[in-house]
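Spelled out, the chains give:
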Amino acid sequence: TGALLARGLPKPAARSRAMSALERAGAAHAAALSYGELDAAEAVRVSIARALSTRPRLLVIDDPTAGVDLLARDGILILLRSLADEGMGVLSSAGESTALSGASRALSLSEGRLRGSLSPELADVVPLRRRAVI
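These lines cover the structure that appears in this document, whether it is placed above or below. (Residues numbered from 1 in each chain as written. Predicted model: local features only at pLDDT ≥ 70, side-chain atom pairs only at ≥ 80, totals over all residues. Heavy atoms only, no water.)

Pairs of packed helices are described in terms of their axes, by the angle between the two and the distance that separates them. Relative to each other, helix α3 (residues 40-52) and helix α4 (residues 70-85) sit at 15°, their axes nearing to 10 Å. Taken together, the axis directions place α3 and α4 in an arrangement best described as roughly parallel. Between α3 and α4 lies a crossing of left-handed hand. In this structure, α3 uses Ala41, Val44, Arg45, Ile48 and Leu52 to contact α4, whose residues at the interface are Ala72, Gly75, Ile76, Leu79, Leu80 and Leu83. Here the residues of the contact of α3 with α4 are counted per class, giving 9 nonpolar, 1 polar and 1 charged. (Axes fitted to C-alpha atoms, helices over the stretch in contact; angles between N-to-C directions. Helix = DSSP H or I, 4+ residues; strand = E, 2+ residues; numbered from the N terminus. Parallel < 35°, antiparallel > 145°, perpendicular 65-115°, else oblique. Left-handed = near helix turned anticlockwise from the far one by under 90°. Contact = heavy atoms within 4.5 Å. Nonpolar A, V, L, I, M, F, W, Y, C, P; charged D, E, K, R; others polar.)

Let us look at α3. The first and last C-alpha atoms of α3 sit 18 Å apart over 13 residues, in line with the 18 Å expected at 1.5 Å per residue. Packing partners of the buried residues in α3 comprise α2 (11-24), β1 (58-61) and α4. At the N-terminal boundary of α3, the capping side chain belongs to aspartate 39, with an oxygen 3.1 Å from the backbone nitrogen of alanine 41. (Expected span 1.5 Å × (residues − 1). Polar contact = N/O pair within 3.5 Å; in protein donor to acceptor, adjacent residues only side chain to side chain.)

With that out of the way, let us pick up α4. The first and last C-alpha atoms of α4 sit 23 Å apart over 16 residues, in line with the 22 Å expected at 1.5 Å per residue. Considering only its buried residues, α4 is in contact with α2, α3, β1 and β2 (89-92). If you check the start of α4, you find a side-chain oxygen 3.1 Å away from the backbone N of leucine 71, and it comes from aspartate 69. At the C-terminal side of α4, glycine 87 shows a positive phi close to 105°.

Looking now at the side chain of arginine 73. In this structure, arginine 73 sits in helix α4. Only 2.8 Å separates the side chain of arginine 73 from the backbone oxygen of valine 68, close enough to count as a polar contact. Ignoring anything within four residues of it in the chain, the contact list for arginine 73 reads Thr65, Val68, Glu96 and Thr98.

For arginine 55, which is not a glycine, the phi torsion comes out positive at approximately 55°. Checked against the element boundaries, arginine 55 lands in the loop between α3 and β1. Residue classification places arginine 55 among the exposed positions, given a relative accessible area of 60%. We note that aspartate 63 has phi near 40°; this positive angle belongs to a residue other than glycine. Tracing the backbone shows aspartate 63 in the loop between β1 and α4. (Buried < 20%, exposed > 50% of the residue type's maximum accessible area, 1.4 Å probe, protein only.)

Below, the structure written as structure tokens:
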């Protein structure tokens, strides 16, 4: 609720919006827990909820399935896909290709070249060029 209070929302409205975001992220049960009491999947869901509470148009998330057990990974990926299906932009990094499940587009950076297309297997190669620093 801190970010919402800093934006000028009254405390009851901030709490309500935070709880709605926790519910949307599948982490309502975590409302009474401290961050240190959360497992990896719960921590990811709470982090997503924190972002959702501010009603962003774009969610940027770094490797959301890192450290999350296999059983919980699919739920997080389904959550991110559902947010994208609802119209939110979702930009995620991934350390493993399995974390790309459900992605509309996958890009990779390899040897200074950006590779990507709608399907990672059919990636085009786009050379990166240095821009002049002015």
